[in-house]
Amino acid sequence: MDLASTVKIEYTDPSGILTSFAREFLPRLPLKDLHWSSSSRPTRSIGSLHIELVSDEGPKFALAHASADDTVIGQDNGGATKYEGSRKERRHQIPGLRRTPYLKVYLVSCNDVDTYKGSFRKPLKEWVKDNNPSSRSSAVVNKQDNHDAFEWLIIHVVPASPDEAGKPSRPVINQGDVTTEKRPSSSRWSSRASTSVIEKIRSDVNSTSKGAIDRVTQIQLVDSPKDSAGQGDRQIQDRTNGWDDFLSKLKLLILASFDLRVRQYEDDIKEREGQKKVFGWNFNTFFVLKEGLAMGFENMGLLEDALTVYQELAFGLQSAIDEQQAEGAQQQTAHFVGYTEDLYQNFEETGAKSRITKAAVSQEQRSDLGASLLKTDRKLFRDLILSNKISVFDFQCYVFARQFTLSLRLTNISNNRAHLVRTMKSLGSSSGDNDYGTSGSSLAKPSDYEPENLLLLADIARSSTDFITSTTGTIRQDIQLGIRHAKTSANESGESAHYWHDEEIENFCMSWLFSTSQCILEETCAQSLTSQLSPLLHQLESANATPETVADNDRAGSKGEEADRKDLPVRTSSLFDRTPKGSYSPAHQRYPAVNFLDAAKLLTPSNPHPGSKELAAARGDLIALRRRILANIGTRNGIWENGKSASVSDVIAQDEDMQEIDLDGESFRTKSAKISVSSHIEDSPIAGLCNTDLLKAVASIEDFSRVYESLTVSALAHYVVGGRTKAAEAMIADLAIVRCQLKDYRSAASYFRQLAPFYANSDWDKLEVSMLDMYAQCLKQFDQKDDFVRVSLKILAKIIKETFTVKGDSGNQRGDPRGLQHELNVAKGYLASITATSKTCNTEFSAPLEDYFSNIYLEKYIDEHTEKDGFELHLHLRSLLPTDLLADSIQVKLLKSDADHRSELFFATEQAQAIKPGLARIPVRSKTTEQGWFALDKIYIKSSNVCFVLDLSPTIQRERLFPRHRDSVSSILSNDASDTTSILLWPKNGGLNLSVAHYEVINLERSNSIRVVVKTGRNSIVKSKLILRAASAGLRIHTAEAQALENDNDITDKSQPGSICITNLTAYTEVSITIPYTIESDLRDINVRATLEYSTPYGDFAFACNATLSILLPLAINVQDIFKETLLVSKFTIGTSGALPVRLYNCRLEGNTDFRVALPPWQNEELDVFIRQPLSFVAHIHRQRDGSTSPKRKLFLKVEFRCLDGIIQSTVERRFHNALELSPHVKYSRVLGPALLADLQTRMAGQDIESICLLREINIGTFDEWRWKSLLARLSPQVDEGLEKFLRRWHEENRKIPLDDGVLSMPMQYLTVPVDIPNMQVVHTARLRRVAASSTPPQLDTVPAGREIPMELTISHTRSWDSQRMDDRALEFCYEIQANADVWIVGGQKRAHFSSVENAVSRFPLILWPQKTGHLMLPSLEVHSLRPSPDQSDEENTTVSEMSCELDYQNAGESILVVPDLIQTTVSLDPSGHGGAWLVDSRRRSP
């Protein structure tokens, strides 16, 4: 806490025990944790409170918390230290001017009651009577005494030495008229005697009323902690309790008196505020009264409350000033004087000194009032306020200083315990200090140290900036009034008055503002902020060091670093740079220079202190204010011109090879006359300056630049820490200009590089051009050609943007006609420099094309008149360059707008083009042919090593240029006819054609293949190479296995992966090549890109196409096998794998030498297979050679088919091309045919294809139902209406097309499916037959119910279907008859094991009993093979299937008719007709 939080305690010490008392009392200060409760305010907590002890009369003894005016003058014989301080304060009629004690204490020290009664009792009672308000008469006590309310307390001090007890501070004590000599007692004190004395004192002075406060306390002293160590625990506890009781009563009584004073002040203030409208009310008196309340809060440490009061007073002061200015000086002239007399006198003295020679001015010390702004003791402000002799300026400065001081104390940036250390040392007991734990080291940084409040400190800096800037107006007004008053006095006395210039007044105000800002910067400096600023300051200072200085510092060695480290504690973040010229710190060895950094490296520290960002920004504004003042004075002094040094342009223009550029219409770089400040500077520009630093700064250009740069660096560091990016960039700009003046072009270029993105993003075109211009000159100075070209391109673009503004297609230019020619010359110079310099560089430079050209568009129609393959388009643009540009090459990049296939197509000029200013139409040609919709992506214009690029890829237009709904087929048509940004490209009729499709021959035992068909058209190909690229993940194309279908010699080389070289081809030749492929993942479609690069006598060309091929089989085939003893019955089911129907032309299963196949005859008819209507047929497979040990078990099913959708497309395509070949529009066949098929494919769904297949006709529809109009809108404008008429006529003539027309034009598809004959080891043949008793053949058709049926089960097996014949040994089998118990009861062995050899018949008798009548299915039968277990009997053998086994049960599906066992019945009916009937007789069937 600050020392200002101090209250006075008046003491009376007749015993002379104060020194000993203070030795133990002092370490217990300040008082901690005081809580003040008031009825009108919330509870306030006071963390610590300092105490000042003052004597009741004569010299006073002040502790460490005494005022700073007290000084030590010596010691008396008794050893007590005497202090000389202010005498007892005289009572003043204004309560706010009094500073009285809050508590009065009486120190008593005696050993026994007799001594107390004889020497201390009477003076004590008289003291109590004088200081107890209740004991005084009512005439003396009044309400106003509460302004000085106090409490009293009696302290009985038990000394450490018995000889000190009872010894008064004076040798004689007057007791009325009796004079007695004080006799010190020789007996030692005891606790009983002390207790008796304290009880006697309480009975004498304490009130007997209920609830009265005990105003007597007792403390015990010791000489040192060693003495207390020999005492018992009880004595130590009693001593501690005594001190605790004393401190608690001390806090209680101080708060009680403080509460009384606050109440009284609040009542008086409320009363005076109510009298504000009464005539004669004086604000000055009210101010002093209310300030007394604020000072009371301040003394108690309630700084927030005190600050609130001062804020109210500041508002009231401003209101009083406004009222005086509004109502005139006649009503309240007593409040303020007209002007500040000492301020005007200081101004006169400064002006007088400024009129002498400049050499004398530099040596003269001038007074500076701004440096003492925060000193409230430089004048008796409160006396001036009461006497109404204070000016508005002094009043405002006083209130501001009081607010500033209180706010600064709240920030905890000062250490208040240094005074305590000095006081303890002055007592001459250093050992005692250490004993009581109050050594200097511990007091310098107390344990309750609070961190700095940087947020509040930032608010202080901001409010201070507002105050000092607004107060300069008051200063001007005071000086003008003083001048006016001086003129009036001079006229009255007949003397001549000096004429003052406005510049002198302005200089004086700027000096005051410069000084006060420095004072505020010093007070708001925080250690935590300085630690963050130091790295940035070192970094910037090291970068700004001149080369000579760096060399000197390098030679200085370690001594220079050590000397520099000694100066590190000196704060340089905000103070004025007072280092001599050339003495730069050698910190460049430890911190990287700025010229090796980007702007992003100057960032706020990673772990800033709370509030450091706000404080740095506020202090940066103060430093920037001082910098503006310096620049303003420098401008009026002739050193600083328009914010730039007058020598900057001259320095840059020295030894310049390039043409000088004037962007502002003025001769900025052609000035040859330099300003010589040392010889031609006038005295008047510095008249009125009273700040020594400002006078030194304007002495020369070098000093000015050094000072200006120092302030700029400091402001930059503050703004970087404060996060003020734009303000920091402005500082960097000024640093760059200063660096240019000092010829440090490398550092200046580094700064300009950081500024470039800032000005570009802020749309400050003129400032950006100026900065870039200087940046380019700096780069030129130290031969940075690459950066120079880049910056020059930016400058040229900015000049073009500012000067050449195109209005539509007229080409008119907007701008000042007088400066147009100059701007043209500037642009020409830059363009020539760019062209010349870029040729010597190894780097290719890129620049936005739209900054130098306008009206850029590409014609969307291809040139139809050329007979060569490829495309030709025309690029239109308007050149904004001032002269011709020789373009080495012009390229246009198009992107294919398919969603599945993204490909690039480049158009380029065939030779160099000279682009003249204005409109230009440039033909660009592509030798690569590719069909589809394309969108403009990039345009490249390359001249030397400069490439102008127009990039459309990041624009929002991209989504419109690339519609996602199109695929590789349907992209031929556009749904949006208004989309004029896309370009439709198609190959010319008669040119080369390249197509990719799936190979029609499919063998499931081999890899599938794709088929590439090359049609040369009119081209005679000398050499060609086919390049295939897989565009699907997991697709592998095996070009090394490629084969030509017609002639194997067509392929000359296929050793290179992904490419196939084809032989020479003549015109109108067709080559088909199949290439196998494999896939590594489950795909439905594969994407393949094929490119044919070929050479003709007319040049080298290429044809590219993208294909999406479906690899799903359109057919699904299932096989079901049934084994017989001599044949295999296989049922084949052929269906579609999707919703599209398939037309079958042939289907056969081919046998081999081991197996013969019998099929039903195919009638050579076409069968249509639908998804719900598959085709089924049965094949009988016979074994031809039983003795073959390894028969060929693989057969092949071959199917010939066509897909119905392909038949439909082929039919329509053939009909359309036949009609198109007979018309004059055949040249559009390569674009109309794919468009027709694409639209047809979108119009046909699965159900539509089924309907077409069943009805055998295709419904084409009308012209308007198709999307022909969107396609015709994209063709060349030369296309007449005849094409539309042709299309309409074709639709009218072909509304319905027969399906079978044109089938032969579609290739047949062949599918070969391998069919394996299963390997069966054992095939059983079983039969269940009836056994008859006679020779009559048994009949199983009809049996009577309830009779047994003797049956015989015969089982035999064959091993002829086994590929590996086993030996003829017997095999173990098991059969099991499965029958429903509700239908059949089986007698005999339902389950039995048997052993049998091949072709042997095993017989098993059975009996069946039917359980119901009707057609009953015979029981089912299962036969399994067995593996005998050696550990078990045959009956317990376990059935284990160890070989494949099949059963041919010949009774499967047979039934027996079971009828009742009656052959005749006789029934009697009821003759009455009531429905009754009786069984009369019946006869059973014969057995």
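Section: the overall build of the chain
Part 1 of the reasoning: For the chain, the count of helices and strands is 34 helices and 58 strands.
Part 2 of the reasoning: For the chain, the proportion of its 1487 residues judged to be buried stands at 49%.
Part 3 of the reasoning: In the chain, of all internal contacts separated by at least 6 residues, the share reaching a separation of at least 24 is 76%.
Part 4 of the reasoning: With an accessible surface of roughly 72100 Å², the chain has 48% of that area assigned to carbon and sulfur atoms.

Side note on the sheet that holds strand 35 (residues 1099-1110)
Working definition: the strands of a sheet are paired by backbone hydrogen bonds and lie parallel or antiparallel to each other.
Part 1 of the reasoning: Taking strand neighbours across the sheet as the criterion, the 6 strands line up as 21-35-34-28-32-31 in an open arrangement whose pairing is mixed. Each edge of the open sheet is held by one strand with a lone partner, namely strand 21 (928-929) and strand 31 (1051-1053).

Quick notes on the packing of helix 19 (residues 612-637) against helix 23 (residues 701-722)
Part 1 of the reasoning: Closest axis-to-axis distance for the helix 19/helix 23 pair is 7 Å, and the angle between their directions is 160 degrees. The orientation of helix 19 with respect to helix 23, classified from their angle, is roughly antiparallel. For the pair helix 19 and helix 23, the sense of crossing is left-handed.
Part 2 of the reasoning: Residues of the contact of helix 19 with helix 23, tallied by class, amount to 13 nonpolar, 7 polar and 5 charged.

Examining the pattern of salt bridges
Once the charged atoms of two side chains with opposite charge are near each other, the side chains can pair.
Part 1 of the reasoning: If you walk through the whole model with that rule in mind, you get 57 salt bridges.
Part 2 of the reasoning: The partner of E1000 in a salt bridge is R1011, and the shortest N-O contact between them spans 3.0 Å. Note that E1000 is positioned in the loop between strand 25 (993-998) and strand 26 (1001-1003) and R1011 in strand 27 (residues 1009-1015), a separation of 11 residues in sequence.
Part 3 of the reasoning: Its relative accessible area of 18% is what places R1011 among the buried residues.
Part 4 of the reasoning: Salt bridges linked by common partners bring K893, E904, D937, K938 and D951 together as one network.

Remarks on the pairing of strand 46 (residues 1322-1330)
Part 1 of the reasoning: Pairing geometry for strand 46 and strand 55 (residues 1445-1449), over 5 bridges, is parallel. Residue pairing in the sheet places A1326 in a bridge with Y1449 of strand 55.
Part 2 of the reasoning: Pairing between strand 46 and strand 48 (residues 1349-1358): 8 bridges, direction antiparallel. Within strand 48, the residue paired with H1324 across the bridge is H1357.

Remarks on the nonpolar core
Part 1 of the reasoning: Within the largest apolar cluster, 179 residues are counted, with the highest numbers of intra-cluster contacts made by F752, Y852, F853, L894, I941, F948 and W1268.
Part 2 of the reasoning: Of all the elements, helix 23 adds the most residues to this core, at 12 residues.
Part 3 of the reasoning: Beyond its immediate stretch of four places on either side in the chain, I941 contacts L849, F853, L877, L885, A887, S889, I890, I915, V946, C947 and F948.
Part 4 of the reasoning: Counting 65 residues, the second-largest nonpolar core is a separate cluster that includes V7, L289, L293 and F381.

Some words on the confidence of the model for the chain
Part 1 of the reasoning: Here the chain averages 76 in pLDDT, and 73% of its residues register 70 or above.
Part 2 of the reasoning: Confidence, read as mean pLDDT per element, is least for strand 4 (residues 71-75) in the chain (31) and greatest for strand 27 (94).
Part 3 of the reasoning: Below a pLDDT of 50 lies the segment residues 415-448, which in the model reaches 44 contacts outside its immediate sequence neighbourhood of four places, other chains included.
Part 4 of the reasoning: The model gives residues 642-683 a pLDDT under 50, and that stretch makes 80 contacts with residues more than four places away or in other chains.

Let's talk about a nonpolar patch on the surface
Part 1 of the reasoning: A contiguous nonpolar patch, built from V1467, L1469 and L1479 and spanning about 330 Å² of accessible area, is present on the exposed surface.
Part 2 of the reasoning: With relative accessibility at 59%, the residue L1479 sits in the exposed group.

So, the packing of aromatic side chains
Geometry of an aromatic ring pair is reported as the spacing of the ring centres plus the angle between the planes.
Part 1 of the reasoning: Here the structure, examined in full by the defined rule, presents 39 aromatic pairs.
Part 2 of the reasoning: Taking 6.1 Å as the distance between ring centres and 15 degrees as the angle between the ring planes, the aromatic pair formed by F21 and W243 counts as stacked. Taken as a pair, F21 in helix 1 (residues 18-25) and W243 in helix 5 (residues 233-274) lie far apart in primary sequence, 222 residues in all.
Part 3 of the reasoning: When the ring of F287 is compared with that of Y398, the centres are 6.3 Å apart and the planes differ by 65 degrees; the resulting orientation is edge-to-face.

Here's the deal with the pairing of strand 37 (residues 1127-1136)
Part 1 of the reasoning: Most of strand 37 is tucked away: 8 of the 10 residues are buried.
Part 2 of the reasoning: In this structure, strand 36 (residues 1115-1123) lies alongside strand 37, joined through 9 bridges in antiparallel fashion. Bridging from a neighbouring strand, I1117 pairs with I1134 of strand 37.
Part 3 of the reasoning: Where strand 36 hands over to strand 37, the hairpin turn is made up of 3 residues, counted between the paired strands.
Part 4 of the reasoning: With 8 bridges connecting them, strand 37 and strand 41 (residues 1175-1183) associate as antiparallel partners. If you follow L1128 over to strand 41, its bridge partner there is I1181.

A few points about the packing of helix 30 (residues 1204-1221) against helix 34 (residues 1282-1293)
Part 1 of the reasoning: Relative to each other, helix 30 and helix 34 sit at 130 degrees, their axes nearing to 11 Å. As the angle between them shows, helix 30 and helix 34 are arranged oblique. Crossing geometry of helix 30 relative to helix 34 is assigned as right-handed. On the side of helix 30, the interface is formed by V1212, R1215, F1216, A1219 and L1220, while helix 34 contributes F1286, L1287 and W1290.

Here we look at the side chain of E298
Part 1 of the reasoning: Along the polypeptide, E298 turns up in helix 6 (residues 283-299).
Part 2 of the reasoning: Side chain to side chain, E298 and R402 meet in a polar contact 2.3 Å long.

Examining helix 11 (residues 392-410)
Two residues of an α-helix separated by three or four positions point the same way, owing to the 3.6 residues in each turn.
Part 1 of the reasoning: Taking 1.5 Å of rise per residue, 19 residues should cover 27 Å, and helix 11 covers 27 Å from first to last C-alpha, within 8% of that figure.
Part 2 of the reasoning: Of all 19 residues making up helix 11, 18 are buried, and the element is well covered by its neighbours.
Part 3 of the reasoning: Among the residues trailing helix 11, N412 stands out with phi positive, at a value near 60 degrees.

Comments concerning the sheet that holds strand 26
Part 1 of the reasoning: Ordered by their spatial adjacency, 5 strands build an open sheet running 26-45-42-38-40, and the pairing between neighbours is mixed. Either end of the sheet is taken by a strand with one partner, and the two such strands are strand 26 and strand 40 (1167-1169). Between one strand axis and the next, the sheet turns through 30 degrees on average, direction left out of account.
Part 2 of the reasoning: The strands touched by helix 30 within the sheet are strand 38 (1142-1150), strand 40 and strand 42 (1194-1203), with strand 42 carrying the most contacts at an inclination of about 40 degrees.

Side note on the environment of I629
Part 1 of the reasoning: Inspection of the secondary structure puts I629 in helix 19.
Part 2 of the reasoning: Expressed as a C-alpha distance, the spacing of I629 and N507, which sit 122 residues apart in the sequence, is 9.3 Å.
Part 3 of the reasoning: Setting aside anything within four residues of it in sequence, one finds I629 in contact with M510, L513 and F514.

Some thoughts on helix 6
Part 1 of the reasoning: An ideal rise of 1.5 Å per residue puts 24 Å on 17 residues; helix 6 measures up with 24 Å between its terminal C-alpha atoms.
Part 2 of the reasoning: The N-cap of helix 6, judged by a side-chain oxygen 2.7 Å from the amide nitrogen of N284 a few residues on, is N282.
Part 3 of the reasoning: Immediately downstream of helix 6, the backbone of G301 shows phi near 85 degrees, a positive value.

Conventions adopted
- Residues numbered from 1 in each chain as written.
- Predicted model: local features only at pLDDT ≥ 70, side-chain atom pairs only at ≥ 80, totals over all residues.
- Heavy atoms only, no water.
- Helix = DSSP H or I, 4+ residues; strand = E, 2+ residues; numbered from the N terminus.
- Buried < 20%, exposed > 50% of the residue type's maximum accessible area, 1.4 Å probe, protein only.
- Contact = heavy atoms within 4.5 Å.
- Areas by Shrake-Rupley, 256 points an atom, 1.4 Å probe, with all protein chains shown as cover.
- Pairing = 2+ DSSP bridges.
- Axes fitted to C-alpha atoms, helices over the stretch in contact; angles between N-to-C directions.
- Parallel < 35°, antiparallel > 145°, perpendicular 65-115°, else oblique.
- Left-handed = near helix turned anticlockwise from the far one by under 90°.
- Nonpolar A, V, L, I, M, F, W, Y, C, P; charged D, E, K, R; others polar.
- Salt bridge = Lys/Arg side-chain N within 4 Å of Asp/Glu carboxyl O.
- Core = buried A, V, L, I, M, F, W, Y, C linked by side-chain atoms within 4.5 Å.
- pLDDT = per-residue confidence, 0-100.
- Patch = residues over 30% accessible without salt bridge, like charges linked within 9 Å, V, L, I, M, F, W, Y side chains within 5 Å.
- Phe/Tyr/Trp six-rings, centres within 6.5 Å; stacked < 30°, edge-to-face > 60°.
- Polar contact = N/O pair within 3.5 Å; in protein donor to acceptor, adjacent residues only side chain to side chain.
- Expected span 1.5 Å × (residues − 1).

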